[in-house]
Every structure is written in C-alpha cells, then in structure tokens.
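# Analysis of the macromolecular model
Chain by chain, the residues:
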Amino acid sequence: MEYHKPVLFDEVIDNIITDNDAVYVDCTLGGGGHTEGILKKSSKNSKVIAIDQDRQAIEFAKKRLEQYGNKLQIFQDNFRNIDTAVYLGGFEKVDRILMDIGVSSNQLDNAKRGFSYRFEAKLDMRMDGNLEISAYEVVNNFSEKEIADIIYKYGEEPKSRKIAKKIVEYRKKKPIETTTELADIVIKSIGKSMKRHPAKRTFQAIRIFVNKELEVLNETLDKAVKLLNKNGRLLVITFHSLEDRIVKEKFREYENPCTCPKDIPICVCNKKSLGKIITRKPIVAKESELEENNRAHSAKLRIFERSE
C-alpha cells in the first residue's frame, strides 16, 4: 500500500499549526500524511484525533505513526460522527479541524471497491459496506428519470439524459454488473472525444449519491464549527465544485447568519456571527505541486475562524 504526499500539504500546515498546546482533529486520516505533518509540527503536549472509516487506511497509518504514541488517537468512523470521536477522545471542544473531502486515490485505485472506470470490478461504490444502496441498485433498479437526475445533479454532466436512456436500454437485455460495462455504456452514449474520461462525471455522480456525500458534508460542517474553541479554525479541502459551493455558502452563513429582511434597520432574529472567513478566495495549489500531482488541479482550501 502506497500513499502520496497529500494535496496542499504546506498550505494546510501553515494555516493549522498554532504555537499553543492544542487539540487537532483530522477528519480524513487516509494515508496519514496531513496527520503526520500536524503531529510533527504541533507543540509537545498537543493532541491529535484522527478519523477514517477505512480499516485498511487505519492499519497503515497506525504503523506509520506509531512513534507519536498517545499524542494520537484514531477512531474508525464516518467523519459525520466527529462529535462522537471528540467526546470519546476525552474533549468537549477542539482548536483545529481539518476536513479533506477528496476520496483517497488509494480507495479509487483499489479495483475491488468498484469506484473506478479504469478497472473491471463489481459495481458497488459504497465507502461503507453497510449502506443499503450500492451503484448496482442505482443503475439496474432506478427509473430513467432518476438516473438522469442523479448524473446531472451530482456529476454536472450535460448529457445525463442520453446516458440514462442508454443505461435503461442496455439493462433490458441483462443487468449491468461491472464498472467497465457501465463505462462502455457511457462511452457509447456520448462518444470518446474528450480530454477527461467520458465516464468520469457519471461515476463521480453515482458515488456521491450512493454515499450521501453532500448531506454528510453539510451535517459535518455544522457539527465541526460548534466544536471549535474561541479562535479555533476549520480548514476544508474540496476537489469538486458542488462541495466547494457548499463550504463557501456554509462559511458565509456562519459569518453572517442574520435572516432578517434587508429593509429592517436592526436585526431582530438575534442570530449571532460564529466567526470570520479567513479565505475570501480559496487557497489553490502552487505551480510546482500542479506539475507533480494531477489531483491538485481541482483542490481548493477554505478556512473559517471561530469567535466567541
């Protein structure tokens, strides 16, 4: 198992580390790259809580980070349960939270998981095997309209209707069982003359839908901001325009939650600002990183700082 240097590593470390003893949470342990950076650079008595739902990732990171002893606690869970992990870690509030929303390339490249259009595998795409609906159910049991809506909404795929029509035609003959079957259907629907793989948006859309990724993100941001101490920071890295939009809008809402009509001279809803947005524009990767890592092209880092 090999893990690469995480995206925006330097930018995260520059913005997350404080000189004081602090409690850090890394919501997406993955290969442990960001976590290791935090462990290395934070003060001696700081604590780091890391969360991941992938058993393999946790085993790998435990070995990699064993030298840090009890400075680090790892919990196997979905990061939507960040509040539970913090509580089990022995804390009520924390000082720094990092959420890296990218699916680890390790998961995507693991052929058995059925995320990738490049490897033949059973159609699945569930990050957590206990989820009720897998990609197989979506493409074989959902209506043409439902499939088109999913691909359009979560993949921003302009040719979603054509793809859905082709999927429904194909499955009349036999169920769509593998990732490569689905990828071929997409190619037959919309052709191949594109810079990116034609099935990329469709696969991404189904994965986001199956794992409820946008609902989970919304819920987790709300929990995370409430867990922060005064001057605590929430750092979020997204790789996808839908996710970035959610983070941007949530941060605006936290900074200015007032819901009063514009024509009222004073606020009567009494919703207080939770803090301030540190990044008016998202932080993006430097030229040198873009040359080394293709995934960095779509990465955006946004930061929010809690007040009282």
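Structure's up top.
What comes next concerns the included structure. (Residues numbered from 1 in each chain as written. Predicted model: local features only at pLDDT ≥ 70, side-chain atom pairs only at ≥ 80, totals over all residues. Heavy atoms only, no water.)

Right, let's talk about the overall build of the chain for a bit. Counting secondary structure elements, the chain contains 13 helices and seven strands. Relative to the globule expectation of 19 Å for 308 residues, the C-alpha radius of gyration of the chain, 21 Å, shows essentially globular dimensions. Along the first, second and third principal axes, the C-alpha set of the chain runs to 65 × 60 × 40 Å. Residues classed as buried in the chain amount to 51% of the 308 residues present. Taking as baseline every contact in the chain between residues at least 6 positions apart, the subset at least 24 positions apart corresponds to 70%. Summing over all exposed atoms, the chain offers an accessible surface of approximately 16,200 Å²; the carbon and sulfur share of this is 48%. (Helix = DSSP H or I, 4+ residues; strand = E, 2+ residues; numbered from the N terminus. Rg over C-alpha atoms; globule rule 2.2 N^0.38 Å. Buried < 20%, exposed > 50% of the residue type's maximum accessible area, 1.4 Å probe, protein only. Contact = heavy atoms within 4.5 Å. Areas by Shrake-Rupley, 256 points an atom, 1.4 Å probe, with all protein chains shown as cover.)

With that settled, consider the packing of aromatic side chains. For the structure shown, the criterion picks out five aromatic pairs. For the pair F142 and F209, a centre-to-centre distance of 5.7 Å together with 85° between the ring planes defines the contact as edge-to-face. Remark: F209 occurs in helix α10 (residues 200-210) and F142 occurs in the loop between α6 (135-141) and α7 (144-155); sequence separation between them is 67 residues. The class for F209 is partly exposed, based on a relative accessible area of 24%. (Phe/Tyr/Trp six-rings, centres within 6.5 Å; stacked < 30°, edge-to-face > 60°.)

Here the focus is the pattern of salt bridges. All chains considered together, the criterion is met by 17 salt bridges. With a closest N to O distance of 2.8 Å, R126 and D124 form a salt bridge. Accessibility expressed as a relative area gives 17% for D124, which makes it buried. Among the ionic pairs, E255 bridges to R280, the shortest N-O distance being 2.7 Å. Placement of the pair is E255 in helix α12 (residues 241-255) and R280 in the loop between β6 (275-277) and α13 (287-292), with a sequence separation of 25 residues. R280 sits in the exposed class, given a relative accessible area of 56%. Each of R80, D83, E219 and K223 takes part in a single network of salt bridges with overlapping partners. (Salt bridge = Lys/Arg side-chain N within 4 Å of Asp/Glu carboxyl O.)

That is the geometry; function is a separate question.
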